[in-house]
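Listed below are the residues making up each chain.
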Amino acid sequence: MSSDAPLVLGIETSCDETGVGIVRGETLLADEIASSVDEHARFGGVVPEVASRAHLEAMVPTIERACRTAGVGLRDLDAVAVTSGPGLAGALMVGVASAKALALSLGVPLYGVNHLASHVAVDIVEHGPLPEPTLALLVSGGHSSLLLVPDVTHDVRSLGSTIDDAAGEAFDKVARVLGMPFPGGPHIDRAARSGEVALDFPRGLTTGRDMQRYRFDFSFSGLKTAVSRWVAAREASGEPVPVADVAASFQEAVVDVLTRKAVLACREHGVGHLQIGGGVAANSRLRAMAAERCAAAGVELRVPRPGLCTDNGAMVAALGAQMVLRGRTASDLSLPADSSLPVTVVQS
Ligand code: KG4
Ligand code: ZN
């Protein structure tokens, strides 16, 4: 894209990552992250107040680092984009307030964007323009959604979502049962590589009436309970828990359901492209099974590299740049942080 394409800085603070990305048009120039994940590990989950304070401390240095990496100054920016929701209220507020201050002082437009749409848009800087429509499977610590995306800047439709735990939440909870640190997804992924899929754990909402009624919805809470019970029974028997086998079997159940429903949604909606995003998209088995099943169904699969799947600022900058390129109206400076912003509201 030419050098007169819009230069956009994106800020992400919805959870525990302070992300600042800089994109020119559809080209990624910088993606800097300061994570407070280590500060939460001993609590077994993200502590909102700790996250907010860490965002506050990391914001200015992370913006400065992003500008240095991109080789641009703040005065070169054409727009500022920020995650306005969904996420932790206090954490979002730090990002939104910072973005407002930047936009106001630089005299450039501000775009408050949806975190989930940003997870979809980030693939533009990796694999080029999104096919329209795209089907997106978003799987993170807070969300599991199947989305039909005719236009990522203003038309995102929900086909289904989890009715209980998010996929990443299930990974984190099962990891805890297996004695692994938080966040557990990467640890299960690693342990599963040396394990066998030896245990038959339940696949929620995939058969009979459940499948009819909850066609594109997910449920992982029954699976998590089944794994916990199996491990508890094993421990009670005095036999060692085969951690790698449990990890592999649990992971297989999650990945089987996610890919099965995603490919079915592509088929039933006549969509030839599937994009996977969110932290769980970093999972190696999910990537492999999605590739196999998409190839068999004649669906083109797009998955950003793992570093762009977990929360980052590049995804916000990528969506902000699309907003500018497509001439969307900027957000008002009174823009609120909305912790429960619906997935269908791309911009606030
Ligand atoms: O998108 P993300 O960084 O933050 C949220 O918006 O939630 O996703 C974090 C989630 C965590 O639950 C983490 O355990 C999971 O993504 N995750 C993984 C892997 N890497 C991160 N889950 C399974 N396998 C992985 N390799
Ligand atoms: Zn996320």
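Computed from a predicted model, the values in this text were never measured in an experiment.

Reading the values: the criteria
Residues numbered from 1 in each chain as written. Chains lettered and ligands numbered in written order. Predicted model: local features only at pLDDT ≥ 70, side-chain atom pairs only at ≥ 80, totals over all residues. Heavy atoms only, no water. Near = heavy atom within 4 Å. Polar contact = N/O pair within 3.5 Å; in protein donor to acceptor, adjacent residues only side chain to side chain. Areas by Shrake-Rupley, 256 points an atom, 1.4 Å probe, with all protein chains shown as cover. Helix = DSSP H or I, 4+ residues; strand = E, 2+ residues; numbered from the N terminus. Nonpolar A, V, L, I, M, F, W, Y, C, P; charged D, E, K, R; others polar. Buried < 20%, exposed > 50% of the residue type's maximum accessible area, 1.4 Å probe, protein only. Pairing = 2+ DSSP bridges. Expected span 1.5 Å × (residues − 1). Core = buried A, V, L, I, M, F, W, Y, C linked by side-chain atoms within 4.5 Å. Contact = heavy atoms within 4.5 Å. Phe/Tyr/Trp six-rings, centres within 6.5 Å; stacked < 30°, edge-to-face > 60°. Salt bridge = Lys/Arg side-chain N within 4 Å of Asp/Glu carboxyl O. Donors = N, O, S within 2.8 Å, 3.2 Å for Na, K, Ca; no water. Tetrahedral: all angles 85-135°; square planar, octahedral: opposite > 155°, others 65-115°.

Caption draft 1: Broad picture of the site of ligand 1. Near ligand 1 you find 19 residues, and of these Gly141, Asp172, Asp189, Gly279 and Asn283 are the closest. Between an oxygen atom of ligand 1 and a main-chain N or O atom of Gly142, the distance comes to 3.4 Å. Asp311 places a polar side-chain atom, nitrogen or oxygen, 3.1 Å from an oxygen atom of ligand 1. Protein burial of ligand 1: of its 560 Å² of free accessible surface, 89% is covered by the chains. For the shell around ligand 1, the secondary structure elements donating two or more residues are α4 (115–121), α6 (167–177) and α7 (185–192). Taken together, the residues of the shell around ligand 1 sort by class into 5 nonpolar, 11 polar and 3 charged.

Caption draft 2: Spatial organisation of the pairing of strand β2 (residues 17–24). Most of β2 is tucked away: 7 of the 8 residues are buried. By the bridge criterion, 6 bridges tie strand β1 (residues 7–12) to β2 in an arrangement that is antiparallel. Directly across from Leu9, in β2, lies its bridge partner Ile22. Taken together, β1 and the strand that follows it, β2, pair antiparallel across an intervening segment of 4 residues. Relative to strand β3 (residues 27–35), β2 runs antiparallel, the two being bridged by 8 bridges. Within the sheet, the bridge partner assigned to Thr18 lies in β3 and is Ala34. The antiparallel hairpin formed by β2 and β3 contains 2 residues in its connecting segment, where Gly25 sits at a positive phi of about 65°.

Caption draft 3: Main features of unusual backbone geometry. Put simply, Glu132 and Pro133 share a cis peptide bond, and its omega is 0°. For Pro133, the position within the fold is in the loop between α5 (123–127) and β6 (134–139). Following Phe182, the chain continues into Pro183 via a peptide bond in cis, with omega recorded as -5°. Structurally, the position occupied by Pro183 is in the loop between α6 and α7.

Caption draft 4: Molecular detail of helix α3 (residues 89–106). Counted at 1.5 Å a residue, the expected span for α3 with its 18 residues is 26 Å, and the 26 Å between its end C-alpha atoms agrees. Among all positions of α3, only Ala91, Leu92, Val94, Gly95, Val96, Ser98, Ala99, Leu102, Ala103 and Leu106 are buried. Backbone geometry just after α3 places Gly107 at a positive phi near 70°.

Caption draft 5: Spotlight on the nonpolar core. Counting residues in hydrophobic clusters, the biggest one holds 50 residues, and the most contacted among them are Leu137, Phe250, Leu258, Leu274 and Ile276. Listing elements by their share of this core, those giving two or more residues are β6, β7 (144–151), α6, α7, α9 (221–237), α10 (243–269), β9 (273–277) and α11 (284–297). Sorting elements by how many residues they give to this core places α10 first, with 14 residues. Those residues within four positions of Leu137 in sequence are excluded, and the remaining contacts are Ser145, Leu146, Phe218, Leu258, Ala262, Leu274, Gln275, Ile276 and Gly277. Core analysis: the second largest hydrophobic core is formed by 31 residues, Val8, Leu116, Leu130 and Ala317 among them.

Caption draft 6: Molecular detail of the environment of Ala282. Among the structural elements, Ala282 can be located in the loop between β9 and α11. Here the alpha-carbon distance between Ala282 and Arg215, two residues 67 residues apart in the chain, equals 25 Å.

Caption draft 7: Focus on the packing of aromatic side chains. Inspection of every chain in the model, using the stated rule, returns 2 aromatic pairs. Here the aromatic rings of Phe171 and Phe250 are separated by 5.1 Å at their centres, their planes lie at 75°, and the arrangement is edge-to-face. With Phe171 in helix α6 and Phe250 in helix α10, the pair connects residues that are 79 residues apart, well separated along the chain. Neither residue differs from the other here; Phe171 and Phe250 are each classed as buried. Note on Phe218 and Phe220: the rings are 6.0 Å apart at their centroids and 10° apart in plane angle, and the pair reads as stacked. Neither residue differs from the other here; Phe218 and Phe220 are each classed as buried.

Caption draft 8: Just the pattern of salt bridges, in detail. One pass over the full model with this rule turns up 18 salt bridges. Note that Glu132 is salt-bridged to Arg326, the shortest N-O span being 2.8 Å. One end of the pair, Glu132, is in the loop between α5 and β6; the other, Arg326, is in the segment after α13 (314–325), and 194 residues separate them in sequence. Taking the shortest distance from any N to any O, the salt bridge between Asp189 and Arg193 comes out at 3.3 Å. Among the residues examined, Asp189 registers a relative accessible area of 5% and is labelled buried. One salt-bridge network, in which partners are shared between bridges, spans Asp200, Arg203, Asp256, Arg260 and Arg293.

Caption draft 9: Representation of the coordination of the zinc ion (ligand 2). Ligation of the zinc ion (ligand 2) by protein atoms is provided by His115 (NE2), His119 (NE2) and Asp311 (OD), these donors lying 2.1 to 2.2 Å from the ion. Between the 4 donor atoms coordinating the zinc ion (ligand 2), the angles at the centre fall across 93 to 158°, so the site counts as irregular. Here the donor residues of the zinc ion (ligand 2) are spaced in sequence according to H-x3-H-x191-D. On the criterion of sequence distance, the pair formed by His115 in helix α4 and Asp311 in the loop between α12 (306–309) and α13 is long-range, its members being 196 residues apart. For His115, a relative accessible area of 5% corresponds to the buried category.

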